[in-house]
Amino acid sequence: MARAGFRSTGSGEAGFSYLALLILVAILALATSGLLTLGSIVQRRQAEQRLLEVGASYRQAISSYLNSSPAGDRRYPGTLAELLRDPRHPGVLRHIRQLYADPISGRQEWGLIVAPGGGIMGVHSLSKARPIKVGEFDPEDASFEGASSYSGWLFVARPSAAGPLSAPGQGGETPASIPTLDGSPVAGGLVPQNPAMVPAQVPAPTPLPLAPGGG
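Below: a short report on this structure. Per chain, residue numbering runs from 1 following the sequence as it is written. It should be noted that, the model being predicted, local features are given only for residues of pLDDT at least 70 and side-chain atom pairs only at 80 or more, the latter also being counted only at that level, while totals for whole chains, interfaces and linings use all residues. Excluded from the side-chain calculations are hydrogens and water; all other atoms, namely the structure's heavy atoms, are used.

On to the pattern of salt bridges. The working definition used for a salt bridge is a side-chain nitrogen of Lys or Arg within 4 Å of a carboxyl oxygen of Asp or Glu. All chains considered together, the criterion is met by 5 salt bridges. One salt bridge in this structure joins R75 and E82, with 3.4 Å as the shortest N-O distance. The two residues R75 and E82 agree in class, both being buried. In this scheme, a residue with accessible area under 20% of its type's maximum is buried, one over 50% is exposed, and one in between is partly exposed, where area comes from a 1.4 Å probe on protein chains only.

Put into structure tokens, the structure is as follows:
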């Protein structure tokens, strides 16, 4: 009888230890899941911030291209590659240092916003994912508030002064590769948006003089 009681006690302790182990494993799994979720959110926020920076760079480059147009050839770029090397000038003139990938998708492909008269007046991500950031944007990005997807973040440039735009001589395809920077000068420019996409209180920008050189 005593031996039977000892076996019963040992089985109970073993069962309790097994249950405690299961609880511990469950707690560790939940903790790991929480850390992964937190890490994913942090990475998404970083990608969002990078998208805002890259989009602003493209918007500024397109505005620079437009506002530095030679007389009689005032237009938007026909391709994003023209931002890297402006074909309208005899020397090498860059409006952007390199062609950036979409930070959300990691791909080179961008959505291109075509101007009414032709050419690329802006870009946007092709991602349909819902943004984490939905408010407190800078004034030039005020139209992004409440967007249901990253594709609604439209980085659009507009002319700094009224004037006819000539149609570009090329289509609006996105280049397949990223050219490397060779130290050629990068033109300066403004970063305005399409007037239909910014609050009425944002004043119209004024053109800046083109920088003679510098990387």
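From this point, the discussion proceeds with the structure in view.
In this description a helix means any DSSP run of H or I spanning at least four residues, a strand means any run of E spanning at least two, and both kinds are numbered starting from the N terminus. Looking at the element boundaries, L99 is found in the loop between α2 (81-84) and β1 (111-114). Judged by its relative accessible area of 3%, L99 is buried. Between the C-alpha atoms of L99 and L83, which are 16 residues apart in sequence, the distance is 8.4 Å.

Quick look at the nonpolar core now. In these notes, a set of buried Ala, Val, Leu, Ile, Met, Phe, Trp, Tyr and Cys residues joined through side-chain atoms within 4.5 Å is what counts as a nonpolar core. Within the largest apolar cluster, 29 residues are counted, with the highest numbers of intra-cluster contacts made by Y58, L80, L83, I96, W153 and F155. At 8 residues, helix α1 (residues 2-67) tops the list of elements feeding residues into this core.

Moving on: the side chain of R94. Locating R94 in the fold gives a position in the loop between α2 and β1. Overall, the relative accessible area of 6% leaves R94 in the buried class. Polar contact criterion, stated in full: a pair of N or O atoms within 3.5 Å, where within protein one must be able to donate a hydrogen and the other to accept it, and residues adjacent in sequence count only if both atoms are side-chain atoms. Within the structure, R94 has its side chain in polar contact with the backbone oxygen of L84 (distance 2.9 Å).

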